[in-house]
Amino acid sequence: MADEKTSPPIIEIKDLHKSFGSHKVLTGITLSVPAGSTLVILGGSGSGKTVLMKHMIGLLKPDSGQVIVDGEDIVPMGAEQLEQLRRKFGMVFQAAALFDSMTVYENVSFPLREHRKDLSEEQMRALVREKLSIVGLKNVEEKYPSDLSGGMRKRVGLARAIVLDPKIVLYDEPTTGLDPITTDYVDEMILDAKKQLGVTSVVISHDIASAFKVADNIAFLYQGVIVDQGHPSKLRHSEHPGVKLFLQTWFGKN
Amino acid sequence: MLYSAIEGIGTGVYKFVEEIGGLAAMLFEVIKWSVRPPFRVQNLFAQFDFVGVGSIFIVALTGVFSGMVFAHQSWRAFDLFNAESLVGPTVSLTITRELAPVFAALMVTMRAGSAMCTELGTMRVTEQVDALETMAVNPIQYLLVPRVIAGLVMVPLLVMIFDLLGLSGGYFVAVTVKGLSAGTFVTRTQQWLDPEDIAEGLIKGAVFGLFIALVACYKGYNAHGGAKGVGQATTEAMVASALGIFILDYFVGVLLH
């Protein structure tokens, strides 16, 4: 289990502001993610969670503030540097975002084909098999995404995200819209990926149960700022009215 | 009442200018990313196959029947004053300069443009485009560049096929059906049809091909709002492409002369 005091942060966000037109979405986010830990950013719909995550991978530029990934400030980076940066990340999308015209094998091997031209077809196949077995899938390589269940698709999405051995895996609302059993299956997947690969994970979610299950730290995003953050047990007893109200929906009033 | 009418016109003009600007910006991006490595030859050939090879049959069929219809109608007109020998030149000039590029581009719009737009739109709304970006693959380079190049290259080639089959259709009706002598048809056509006429059609084909691929890509790439949004983007792309072909046809024709 990563400890904030010993692990240096791999992602650090300092006083980040972002508006779209006159709509202020993020108003002074300060956040750090220790290497090897799992941070869950919890917040309601429209709280700016996705916007915050897009800043981490450089898909959006902040109006002001710093985003430091692995020791480098990514805000001033140009397109080519950002492409290099993105190889440190793997991202798992809400609906998996698999390429539906490709088989599972083609999907998972896609990043290898684009970025590891030194590998032979056999080496690629071996790597794809290895990653698929890490996410707990077998004999699915020739299937198309439409032939898989929602939970399996998400696992293939994770296999694709980790195939280049990234340091950080981002999960965009991994359990939204899933039934309880599949939610459990996805939670296990996140925990397994951390255990087996030692990656840093950032999960954005509004699923309280799942957040408390997978997180080393939880940051609560409310009206554009992080109002409380820390170990799940600390956040459970937060005094912030926004956090209390949100957690009550799951834990009840007492 | 008057106020809202003026406002409506203003909004329409504003939106039109905005779309033209968006198209121009996208063309610039596509050019920029088309000259940078990596060059994905396989993707390009897949689009050549889809846009070009896949459209041969419908373009050929449209070509044959356009030539036949045109020969039939011009025969009826020229027959009134015994000038049937002009059917060959009339058919060949109209086909090479106008009908081939316009009809070939319209067929490609319907067949390939609509598919391009829905495919890109679906990829956009299901976050597949974002996924490409997070995997450090530029989506403009990966998705748009091969499609736009395919439009630019394949439509002129389809125009050539249209030319050939349109003329054959015209020949068939004039000579085989109506009984004009083959020599008259061929020599008269040779007298009137210049290489410049064929070149004009090919240039128009290239302009139209670039335009329809760009519109389909632009609308699909910027689609939003789920399945309904993709449908709407495709409708808009089809309307804009078809109208654009006729508008461009006039201006390219004027510019070339």
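This is a predicted model, so every value here is computed, not measured. (Residues numbered from 1 in each chain as written. Chains lettered and ligands numbered in written order. Predicted model: local features only at pLDDT ≥ 70, side-chain atom pairs only at ≥ 80, totals over all residues.)

1. Focus on the pairing of strand β9 (residues 217-222) of chain A
Residue and element names in this part refer to chain A.
Piece 1. Of all 6 residues making up β9, 5 are buried, and the element is well covered by its neighbours.
Piece 2. Looking at chain direction, β9 and strand β10 (residues 225-230) are connected through 5 bridges and run antiparallel. By the bridge assignment, F220 is partnered in β10 with D228.
Piece 3. If you look at the hairpin formed by β9 and β10, you'll find 2 residues sitting between the two strands, and Q223 has a positive phi there, around 50 degrees. (Buried ≥ 20, exposed ≤ 12 C-beta atoms within 10 Å, placed from the backbone. Helix = DSSP H or I, 4+ residues; strand = E, 2+ residues; numbered from the N terminus. Pairing = 2+ DSSP bridges.)

2. A closer look at the pairing of strand β3 (residues 38-42) of chain A
All names here are of chain A.
Piece 1. In terms of burial, β3 is largely enclosed, as 5 of its 5 residues are buried.
Piece 2. Inspection of the sheet shows β3 paired to strand β8 (residues 200-205) by 5 bridges, in the parallel sense. Residue pairing in the sheet places L39 in a bridge with V202 of β8.
Piece 3. The pairing of β3 with β9 spans 4 bridges and is parallel. By the bridge assignment for β9, V40 is matched with I218.

3. Considering the sheet that holds β3(A)
Residues and elements named next belong to chain A.
Piece 1. On the basis of which strands lie adjacent, the open sheet formed by 6 strands has the order β6-β7-β8-β3-β9-β10 and mixed pairing. Here the strands that pair on one side only, and so sit at the sheet edges, are β6 (89-92) and β10. Averaged over all adjacent pairs, the angle separating strand axes in this sheet is 20 degrees, with direction ignored.
Piece 2. Inspection of the sheet shows β6 paired to strand β7 (residues 168-172) by 4 bridges, in the parallel sense. Its bridge partner lying in β7, F89 is registered against I168.
Piece 3. Against the sheet, helix α1 (residues 49-56) touches β3, β7, β8 and β9, its axis set at about 155 degrees to β8. (Axes fitted to C-alpha atoms, helices over the stretch in contact; angles between N-to-C directions. Contact = placed C-beta atoms within 7 Å.)

4. Some points on the sheet that holds strand β1 (residues 9-20) of chain A
Residues and elements named next belong to chain A.
Piece 1. In spatial order, the strands read β2-β1-β4-β5; together these 4 strands make up an open sheet with antiparallel pairing. At either margin of the open sheet sits one strand with a lone partner, and together these are β2 (23-34) and β5 (72-73).
Piece 2. Along the sheet face, α1 touches β1, β2 and β4 (64-69) and points at about 55 degrees away from the line of β2.

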